Amino acid sequence: MYPKKLMAMLAVIFLTALSLSAQEKRYVMVLHGGAGTILKQNMTPEREEAYTGAMKEALLAGYKLIKEGKSSLDAVEAAIWVLEDNPLFNASKGAVFTHDGRNELDASIMYGKTLEAGAVAGVTTIKHPISGARAVMEKSEHVMMVGAGAELFAKEVGLEIVDPSYFYTQPRYDALQRAIKQDSIKAVLDHDAKQSNRVPFQNRDDKFGTVGCVALDQEGHLAAGTSTGGMTNKKYGRVGDSPIIGAGTYCDDRTVGVSCTGWGEFFIRSVVAKSVSDLMEYKGLGVEEASRLMIEKIGQLGGDGGLVALDRNGQIAMPFNTAGMYRAAITEDGEVEVAIYK
Ligand code: ASP
């Protein structure tokens with residue numbers, strides 16, 4: 001045999017083996033802890049360890065349930081509880097502050113088997129907003145409830161209610177003060193007041209930490225959820241993409257589960273999560289390409305952020321156009337992958 005032919009044959013064998021091993025890896029959960037200007041030079045090893053440890057803990061909490069045969073909804077809720085309870089993340093305890101010094105929380109969840117969904121927005125007393133979202137999905141005839149009504153409903157169905165002060169953390173409060181200061185400096189410098197209003201969230205570095213998760217259970221059903229405090233210095237009543245089904249969260253067993261993080265206004269305008277699913281359903285794209293295209297689109301509009309996606313075959317995508325995104329995934333064999341930077 002000619003050496004050239006032999007080389008070509010070997011190359012084919014090698015590439016086939018490579019793609020087979022790539023296909024063999026089947027993930028059952030993927031999560032994020034927010035995207036933003038997360039730079040290695042601004043991190044201490046201890047802080048890095050705290051983030052990776054928390055993400056692993058969250059993954060394992062959900063993974064355990066999947067292994068026991070529980071539903072992907074249970075896994076998503078359990079994983080998000082871990083992150084909501086951890087003040088490192090911008091969800092529940094550790095949520096960012098609105099301009100007037102409040103914590104207004106948003107969350108949503110969706111089940112790929114039935115396309116049922118639930119969401120809460122602007123809530124200030126529900127300890128685990130992701131469970132508020134799930135209760136709206138399972139125990140009401142609605143998809144979304146906001147503010148005082150959502151809080152009353154959560155109380156009636158027996159969810160844990162806390163005083164709004166529970167969500168207070170000093171670093172997030174300090175971040176608000178920095179953001180307010182930067183905004184007033186900007187207002188002085190900027191002669192076009194309208195234009196400055198178009199950049200509502202200064203000091204975006206202080207805002208990251210939204211959490212989200214997608215899981216695939218043993219019966220092949222997907223679930224996706226997202227929980228956040230929104231963006232530092234947001235106006236009263238502002239709602240981002242996280243509780244909006246189709247924008248921040250989407251899930252369909254026939255395609256993919258998606259949870260987004262980033263500058264919510266852009267994710268709402270591009271209906272990002274549902275568009276990833278649509279690109280897969282109607283254009284036949286794979287999860288990787290569909291997800292990347294939507295993050296590119298966000299970038300073209302001037303927004304930033306990322307998403308995590310897990311498709312019906314256990315394939316994942318975690319694209320982002322920020323410096324970093326806290327992210328992690330686990331295979332069906334329990335192999336954990338965690339990453340922060342590009
Ligand atoms: N997307 C969230 C929002 O706009 C914030 C984030 O993900 O960091 O409310």
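Structure report, in brief. (Residues numbered from 1 in each chain as written. Predicted model: local features only at pLDDT ≥ 70, side-chain atom pairs only at ≥ 80, totals over all residues. Heavy atoms only, no water.)

Remarks on the overall build of the protein
Put simply, the rule is: Segments assigned H or I by DSSP are reported as helices when at least four residues long, segments assigned E as strands when at least two residues long, and all are numbered from the N terminus. Here's how the labels work: a residue is buried when its accessible area is under 20% of the maximum for its type, exposed when over 50%, partly exposed in between, all with a 1.4 Å probe on protein chains only. Working definition of accessibility: Shrake-Rupley area with a 1.4 Å probe, residue cover restricted to the visible protein chains.
A count of helical and extended segments in the protein gives 10 helices and 12 strands. Counting only residues that meet the buried cut, the protein has 54% of its 342 residues in that class. For the protein, the exposed surface amounts to about 15300 Å²; the carbon and sulfur share of it is 56%.

What to know about the packing of helix H9 (residues 272-283) against helix H10 (residues 287-301)
Keep this limit in mind: For helices, the fitted line uses only the C-alpha atoms of the stretch in contact; every axis is such a line through C-alpha atoms, and the angle between N-to-C directions lies from 0 to 180 degrees. Any angle that falls under 35 degrees is termed roughly parallel, while one over 145 is termed roughly antiparallel, one within 65 to 115 roughly perpendicular, and all others oblique. Note on convention: near helix rotated counterclockwise from far helix by under a right angle means a left-handed crossing. Clockwise means right-handed. Contacts between residues were defined by any pair of non-hydrogen atoms, one from each residue, lying within 4.5 Å. Three residue categories are used. Nonpolar comprises Ala, Val, Leu, Ile, Met, Phe, Trp, Tyr, Cys and Pro, charged comprises Asp, Glu, Lys and Arg, and polar comprises the others, including Gly.
Where H9 contacts H10, the two axes come as close as 9 Å, and the packing angle between them is 140°. Relative to H10, H9 is oriented oblique. As H9 runs across H10, the sense of the crossing is right-handed. Contact residues: H9 offers Val272, Ser275, Val276, Leu279 and Met280, while H10 offers Val287, Ala290, Ser291, Leu293, Met294 and Ile298. When the residues that make up the contact of H9 with H10 are grouped by side-chain class, the tally is nine nonpolar, two polar and no charged.

Structural notes on unusual backbone geometry
The backbone of Ser92 sits at a positive phi, close to 50°, despite the residue not being glycine. Mapping Ser92 onto the fold places it in the loop between helix H3 (72-85) and strand E2 (105-111).

Points about the nonpolar core
Keep this limit in mind: For this analysis, a nonpolar core means a set of buried residues of the types Ala, Val, Leu, Ile, Met, Phe, Trp, Tyr and Cys, connected via side-chain atoms within 4.5 Å.
If you look at the biggest cluster of nonpolar residues, it comprises 51 residues, and the most contacted ones within it are Met29, Leu31, Phe89 and Tyr326. Discounting residues that sit within four places of it in the chain, Phe89 has contacts with Gly33, Tyr51, Ala54, Met55, Leu83, Gly94, Ala95, Arg172, Gly209 and Val211. Leu216, Met231, Cys251 and Ala290 belong to the second largest nonpolar core, which has 38 residues in total.

Describing the pairing of strand E8 (residues 256-262)
Operational definition: At least two bridges found by DSSP between two strands is the condition for calling them paired.
Most of E8 is tucked away: seven of the seven residues are buried. Burial of E8 is two-sided: the residues Val256, Val258, Cys260 and Gly262 facing one way and the residues Gly257, Ser259 and Thr261 facing the other way are all buried. Sheet analysis places strand E7 (residues 249-251) next to E8, joined by three bridges and oriented antiparallel. By the bridge assignment for E8, Thr249 is matched with Ser259. A loop of four residues connects E7 with E8, the two strands running antiparallel in sequence. Note: E8 against strand E9 (residues 305-311), seven bridges, orientation antiparallel. Within the sheet, the bridge partner assigned to Ser259 lies in E9 and is Val308.

Description of the environment of Val256
Summarising the element assignment, Val256 is placed in strand E8. Look at Val256 and you get buried, because its relative accessible area is 0%. Contact partners of Val256, with chain neighbours within four places excluded, come to Leu222, Tyr250, Cys251, Val276, Ser277, Met280, Val287, Ala309, Leu310 and Asp311.

Structural notes on empty space enclosed by the protein
Note the cut-off: Of the two site types, the cavity is a set of points on a 1 Å grid over the protein atoms alone where a 1.4 Å probe fits but cannot get out, and the pocket is an open set with protein on both sides within 12 Å along at least five of seven lines, each lined by residues with an atom within 4 Å of a point. Grid points are joined across faces, edges and corners, and a volume is the space filled by probe spheres set on the points.
What the rule picks out here adds up to one cavity of 30 Å³ or more. Lining the largest cavity are 12 residues, with Thr210, Thr228, Asp241, Ser242 and Gly262 sitting closest to its centre. The residue makeup of the lining of the largest cavity, split by class, is one nonpolar, eight polar and three charged.

A look at the sheet that holds strand E1 (residues 27-36)
Overall, mixed pairing links the eight strands, which are arranged E4-E3-E2-E6-E5-E1-E11-E12 in an open sheet. Of all strands in the sheet, those with a lone pairing partner are strand E4 (144-146) and strand E12 (336-341), marking the two edges. Each adjacent strand pair in this sheet contributes to an overall mean axis angle of 5°, direction not counted. Relative to strand E6 (residues 222-228), strand E5 (residues 211-216) runs antiparallel, the two sharing six bridges. Looking at E6, one finds that Ala215 is bridged to Ala223. Sheet strands touched by helix H2 (residues 45-67): E1, E5, strand E11 (324-331) and E12. Its angle to E12, the strand with the most contacts, is close to 145°.

Observations regarding the packing of aromatic side chains
So the rule is basically this: Ring geometry is summarised as follows: Phe, Tyr and Trp rings, the Trp one being its six-membered ring, pair when their centres sit within 6.5 Å, and such pairs are stacked at plane angles under 30 degrees, edge-to-face over 60 and tilted between the two. Each ring is checked for a lysine NZ or an arginine CZ that lies within 6 Å of its centre and within 35 degrees of its normal; such an atom marks a charge sitting over the ring.
Throughout the structure, instances matching the rule amount to eight aromatic pairs. Their ring planes at 85° and their centres at 5.3 Å tell us that Phe97 and Tyr173 sit as a pair that is edge-to-face. Within this pair, whereas Phe97 is found in the loop between H3 and E2, its partner Tyr173 is found in helix H6 (residues 170-189), the two being separated by 76 residues in sequence. Aromatic pair Tyr168 and Tyr173: ring centres 5.4 Å apart, planes at 35°, arrangement tilted. On the basis of relative accessible area, Tyr168 is assigned to the partly exposed category, the value being 34%. An aromatic cluster of three or more residues is present, and its members are Tyr51, Phe89 and Tyr326. Above the face of the Tyr166 ring, Lys93 is positioned so that its terminal group lies 4.9 Å from the ring centre.

From the geometry alone we can't say anything about function, so treat these as descriptive.
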